[in-house]
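A structural walkthrough
Spelled out, the chains give:
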Amino acid sequence: MASSLLHCPDKLPFMNVEAILHMKEGLGETSYAQNSSLQKRGMDTLKSLITSAATDVYTSQMPERFTVADLGCSSGPNALCLVEDIVGSIGRACRRSSQPPPEFSVLLNDLPTNDFNTIFFSLPEFTDRLKAAAKTDEWGRPMVFLSGVPGSFYGRLFPGRSVHFICSCSSLHWLSQVPPGLFDEANAPINKGKMYISSTSPLAVPVAYLRQFQRDFGLFLRSRAAEVVAGGRMVLAMLGRQADGYVDRRTTFLWELLSESFAALVAQGMVEQEKVDAYNVPFYAPSVQEVEEEVRREGSFRLDCVQTYEINLSSSGDAKEDGRTVSMAIRAIQESMLSHHFGPDIVDALFHRYTELVTESMEREEVKSVQIGVVLTRL
């Protein structure tokens, strides 16, 4: 079995993200499948951008087989919803031009620890919806072939020049590793009490995170450049920030509340402070400028569009319900890493306090996040 820790030259331990990070598996109450409505909301914001870009690629090339890849598909229902939207959009375009639809090869990618089975369990419902659309002849009669592709998208996944369209939603803010440089020469954490960038973090912390993002996103672009056909497109959506500095409250606020929740557990003697100080997340919310700079530096893609979208997490008006929705979503995402570092016994107590803090915040103010949407064309 592979070790769950990697060791850098300075002998500081780092979480092996590829071996540990995964959304909460299964269909239970705390699973990602039951707690991914916030991600669905973000996808819906970009739905027209995604379907238009995919349809434009198809109509400009008219291949007999159209290959689509969803990078970071996770284990919930959102992946197949996105596939259905793309198939439907291209199918309707074919019907308008009296052309038969192409065969669709759909490649669903996530880390090897992802619960692909939960996606495949929902295939019968997906197939039924395709058959219903075929009966109305709204999309023609497309053939859709689905495959799971386990592996990190910070590296090659597909054969060269084989993919026409790539989308990735709510994934690229996850880094390949916790950045090096978060411990000093004595192996002491420099961002004590915090797990991400905060207003109290020393400058070395955001600099370390930015450098890791640059390495990772650059590798992502180089890998996709080898796989996407000329004229193919990518639509990428990730959490980001609009503020000029490294700290955007809409990005850091929920992390701050999680740090406060840990502080409560430390005060109760449930967790050691040293363990909290040593926990850092492999996450970075870039600015638009940082994304643009890496695209220009890599040089294989034309930047067609980049936009920021603000998503209101307090949308229902019921602070208790919204607080629970946000807390359960964060738990479904974070539980694998938290359980690895702290052990599984503290998770229930941690998120009980976290739900209280998020709800109290939503009673006082709207809680929002920022998403960056990017459209790229392979040169």
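Residues numbered from 1 in each chain as written. Predicted model: local features only at pLDDT ≥ 70, side-chain atom pairs only at ≥ 80, totals over all residues. Heavy atoms only, no water.

This part covers the sheet that holds strand β3 (residues 65–71). A sheet is described by the order of its strands in space; here 7 strands give the open sequence β5-β4-β3-β6-β7-β9-β8, paired in mixed fashion. Every interior strand has two partners, whereas the edge strands, β5 (144–150) and β8 (301–312), have only one. The sheet shows a mean angle of 15° between the axes of neighbouring strands, direction not considered. Here strand β4 (residues 103–110) runs beside β5; their pairing, made up of 7 bridges, is parallel. (Pairing = 2+ DSSP bridges. Helix = DSSP H or I, 4+ residues; strand = E, 2+ residues; numbered from the N terminus. Axes fitted to C-alpha atoms, helices over the stretch in contact; angles between N-to-C directions.)

Before going further, it helps to spend a moment on the pairing of strand β9 (residues 368–378). Burial of β9 is extensive: 10 of the 11 residues sit out of reach of the surface. Bridge analysis of strand β7 (residues 228–239) against β9 gives 7 bridges, and the strand direction is antiparallel. Each residue of the ladder has a partner; that of Met 234, found in β9, is Leu 376. (Buried < 20%, exposed > 50% of the residue type's maximum accessible area, 1.4 Å probe, protein only.)

Of all hydrophobic cores here, the largest spans 72 residues; its most connected members are Tyr 196, Tyr 209, Phe 217, Phe 220, Leu 236 and Phe 262. Tallying contributions element by element places helix α7 (residues 204–227) first for this core, with 9 residues. Once you skip the residues sitting within four places of it in the chain, Leu 236 turns out to touch Ser 168, Leu 172, Phe 217, Phe 220, Ile 372, Gly 373, Val 374 and Leu 376. Core analysis: the next-biggest nonpolar cluster, separate from the first, contains 37 residues, Ala 53, Val 106, Leu 130 and Val 235 among them. (Core = buried A, V, L, I, M, F, W, Y, C linked by side-chain atoms within 4.5 Å. Contact = heavy atoms within 4.5 Å.)

A covalent bond between the sulfur atoms of two cysteines is referred to as a disulfide. Enumeration according to the criterion identifies 0 disulfides in this entry. Free cysteine: Cys 167, not disulfide-bonded; nearest cysteine sulfur from Cys 169 at 5.5 Å. You can call Cys 169 buried: its relative accessible area is 11%. (Disulfide = S-S within 2.5 Å.)

Under the definition given, this model contains 15 aromatic pairs. On the basis of an interplanar angle of 85° and a centroid distance of 5.7 Å, the ring pair of Phe 351 and Tyr 354 is categorised as edge-to-face. One end of the pair is Phe 351 and the other is Tyr 354, both in helix α12 (residues 347–364) and 3 residues apart, which spans about a single turn. Under the relative-accessibility criterion, Phe 351 is labelled buried at 4%. The cationic tip of Arg 224 hangs over the ring face of Phe 220; the distance from NZ or CZ to the ring centre is 5.1 Å. (Phe/Tyr/Trp six-rings, centres within 6.5 Å; stacked < 30°, edge-to-face > 60°. Lys NZ or Arg CZ within 6 Å of the ring centre and 35° of its normal.)

Compared with an ideal rise of 1.5 Å per residue, which puts 24 residues at 34 Å, helix α11 (residues 319–342) spans 29 Å between its outermost C-alpha atoms and falls more than 12% short. Its axis deflected by about 60° at Gln 334, α11 carries its strongest bend there. Judged by how many residues are buried, α11 sits mostly within the fold: 18 of 24 residues are covered. Directly beyond the C-terminal end of α11, a positive phi value near 90° is found at Gly 343. (Expected span 1.5 Å × (residues − 1). Bend = angle between axes of the 7 residues up to and from the residue.)

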